[in-house]
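Here are the chains, one letter per residue:
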Amino acid sequence: MKVIRVDDYEALSKKAYEFFIHTMNTTEQPVFGLATGSTPKGLYELLVDEYKQKKQVFEHIQTFNLDEYVGLAKDHPGSYYYYMYERFFNPLNLDQKQVNVPNGLTPNFDEECERYEQKIAEAGGIDLQFLGIGVNGHIGFNEPGTSFSSRTHIVELTKSTMEVNSRFFETKEEMPNKAITMGIKSIMGSKEIVLLVNGEHKAEALKQTIEGNVTEDFPASVLQKHPHVTVIADTDACKKLQAQ
Ligand code: GLP
């Protein structure tokens, strides 16, 4: 794993943005894997700025989001569908055909998981997958204990994840307890992965990801086995790494 250390969140977003632009401009039909949460917000803002200043075109890209809550309406501000359309898909004028978010409202979850995997395969796989990380090591919504051979699947969220993510909901009761997520194997199938980590609260998670044992008990540790992973981390997140 290559680690790029940056001073702060602004620099992290800028670096992530450079990876995005590089892949977009060097790949014929670029396919991006996208994450939600607080971490990639700066990346999306920079890309939207570029588009508004007419510096980049995005009409040839395709995107696949990592995950979605089960049971939230698309217009619920806590849904990842809403997050992505508000921050990224609408401001960039992306066509519906270009973007993919797992459907957390489907009447048939097995079918939806299968459909999502197929769609990724039909697109030729993901060229560049962006990831954030949960404090418990989850990537996407793959919680500790998830099999490394998992494909897109339904997960029960852990108490800790529900606690942490309830900040995106007005009341704790609104917070869903299930999600649909690309599996570990789906993520590992990406040609390149960029993991974004910022803040001291993620320092222990980053240490385990890079220096810990590769174990299903800590999902992000699987990234040690991927040949093209870059971690972009700020100074605070790097505080617990051995080589300072
Ligand atoms: C969420 C998402 C993940 C995200 C992670 C970190 O639960 N499902 O895709 O990477 O948690 O979120 P944040 O960036 O807000 O810390």
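Everything in this summary refers to the structure shown in the same document. Treat the numbers as computed from the prediction; the structure is a model and nothing was measured. (Residues numbered from 1 in each chain as written. Predicted model: local features only at pLDDT ≥ 70, side-chain atom pairs only at ≥ 80, totals over all residues. Heavy atoms only, no water.)

It is worth spelling out the overall build of the protein at this point. Scanning the protein for helices and strands turns up 7 helices and 10 strands. The C-alpha atoms of the protein give a radius of gyration of 17 Å, which matches the 18 Å a tight globule of 244 residues would have. Projected onto its principal axes, the C-alpha positions of the protein cover 45 × 40 × 35 Å. Burial status across the protein gives 53% buried among its 244 residues. Taking all contacts inside the protein whose residues are at least 6 apart in sequence as the whole, residues at least 24 apart take part in 79%. Side-chain charges in the protein split into 25 positive and 35 negative, and the spacing between the mean points of these groups amounts to 3 Å. (Helix = DSSP H or I, 4+ residues; strand = E, 2+ residues; numbered from the N terminus. Rg over C-alpha atoms; globule rule 2.2 N^0.38 Å. Buried < 20%, exposed > 50% of the residue type's maximum accessible area, 1.4 Å probe, protein only. Contact = heavy atoms within 4.5 Å. Lys, Arg positive; Asp, Glu negative; His and termini not counted. Charge placed at Lys NZ, Arg CZ, Asp CG, Glu CD.)

This part covers the packing of aromatic side chains. By the definition in use, this model includes 15 aromatic pairs. Aromatic pair Y51 and F58: ring centres 6.1 Å apart, planes at 70°, arrangement edge-to-face. Judged by its relative accessible area of 2%, F58 falls in the buried class. Measuring from centroid to centroid gives 4.9 Å for Y69 and Y80, while their planes differ by 45°, and the two rings are tilted. (Phe/Tyr/Trp six-rings, centres within 6.5 Å; stacked < 30°, edge-to-face > 60°.)

Here the largest pocket defines a volume of roughly 420 Å³. G37, I133, G134, H138 and K202 are, among the 26 residues lining the largest pocket, the residues nearest its centre. The element that contributes the greatest number of residues to the lining of the largest pocket is helix α5 (residues 159-165), accounting for 4 residues. In terms of residue class, the lining of the largest pocket is built from 9 nonpolar, 14 polar and 3 charged. Its volume calculated, the second largest pocket comes out at about 280 Å³. (1 Å grid on protein atoms, 1.4 Å probe; cavity = no way out; pocket = protein on both sides within 12 Å on 5 of 7 lines; lining within 4 Å. Points joined across faces, edges and corners; volume = space filled by probe spheres on them. Nonpolar A, V, L, I, M, F, W, Y, C, P; charged D, E, K, R; others polar.)

Turning to the site of the ligand, a few remarks are in order. Among the 13 residues in the neighbourhood of the ligand, the closest are listed as S38, T39, D67, N165 and K202. Contacts to the ligand include T39, whose side-chain N or O atom sits 2.4 Å from an oxygen atom. Within the side chain of K202, an N or O atom sits 2.8 Å from an oxygen atom of the ligand. Starting from 390 Å² of accessible surface for the ligand in isolation, the protein chains cover 95%. Among the cavities detected, the one that contains the ligand is the largest pocket. Broken down by class, the residue content of the shell around the ligand amounts to 3 nonpolar, 7 polar and 3 charged. (Near = heavy atom within 4 Å. Polar contact = N/O pair within 3.5 Å; in protein donor to acceptor, adjacent residues only side chain to side chain. Areas by Shrake-Rupley, 256 points an atom, 1.4 Å probe, with all protein chains shown as cover. Sits in = over half its atoms within 2 Å of the grid points.)

With that settled, the discussion passes to helix α2 (residues 41-52). Taking 1.5 Å of rise per residue, the 12 residues of α2 would be expected to cover 16 Å, and the 17 Å separating its terminal C-alpha atoms lies within 8% of that figure. For α2, every residue scored as buried is listed here: G42, L43, Y44, L47, V48 and E50. Two residues or fewer past α2, K54 is found with a positive phi of approximately 60°. (Expected span 1.5 Å × (residues − 1).)

Turning our eyes to something else, we now look at the environment of K2. Here K2 shows up in strand β1 (residues 2-6). Note: C-alpha distance between K2 and T230 (228 residues apart in sequence) is 4.7 Å. Not counting residues up to four positions away in its chain, the partners in contact with K2 are V229, T230 and V231.

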